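# Residue-level structural notes
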Amino acid sequence: MKTVTRCAQCGASLECLASESCWCMKQPAVLPVPAEGETVGCLCPTCLAAAAKGDLSSSGS
């Protein structure tokens, strides 16, 4: 199921497939798993790359 959503960091529009076929699932698993109860949304490719490098300050917002 394809869903159009917004990046949780910068607000850019992106498509989420909510499955193993989503573009984000092809990325290396380098981000920490959110703590229990923490709500985290999808990130666009640019913000996901910045987060993987530990630098969200330069992406989007």
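Relevant structure appears above.
Report follows, based on the coordinates.

The rules behind these values
Residues numbered from 1 in each chain as written. Predicted model: local features only at pLDDT ≥ 70, side-chain atom pairs only at ≥ 80, totals over all residues. Heavy atoms only, no water. Disulfide = S-S within 2.5 Å. Helix = DSSP H or I, 4+ residues; strand = E, 2+ residues; numbered from the N terminus. Contact = heavy atoms within 4.5 Å. Buried < 20%, exposed > 50% of the residue type's maximum accessible area, 1.4 Å probe, protein only. Pairing = 2+ DSSP bridges.

Attention now goes to the state of the cysteines. Summed over the entire model, instances satisfying the criterion amount to 0 disulfides. Between C22, a cysteine without a disulfide, and C24, which holds the nearest cysteine sulfur, the sulfur-to-sulfur distance is 3.8 Å.

Mapped onto the fold, C42 is located in the loop between β2 (13-16) and α1 (45-52). For the pair C42 and Q9, spaced 33 residues apart in the sequence, the C-alpha separation amounts to 8.4 Å. Sequence-distant contacts of C42, defined by excluding residues within four places in its chain, comprise T5, R6, C7, A8, L14 and C16.

For L43, the location among the structural elements is in the loop between β2 and α1. Of the residues examined, L43 reaches a relative accessible area of 17% and is grouped as buried. In this structure the C-alpha to C-alpha distance between L43 and R6, which are 37 residues apart in sequence, comes to 7.8 Å. Leave out the neighbours within four places in its chain, and L43 touches C7, A8, Q9, L14, W23, L48 and A51.

Bringing the pairing of strand β1 (residues 3-6) into the picture now. Across 4 bridges, β1 lies against β2 in antiparallel orientation. Paired with T3 across the two strands is C16, which belongs to β2. The hairpin turn running from β1 into β2, its antiparallel successor, is 6 residues long, and G11 in that turn takes a positive phi close to 85°.

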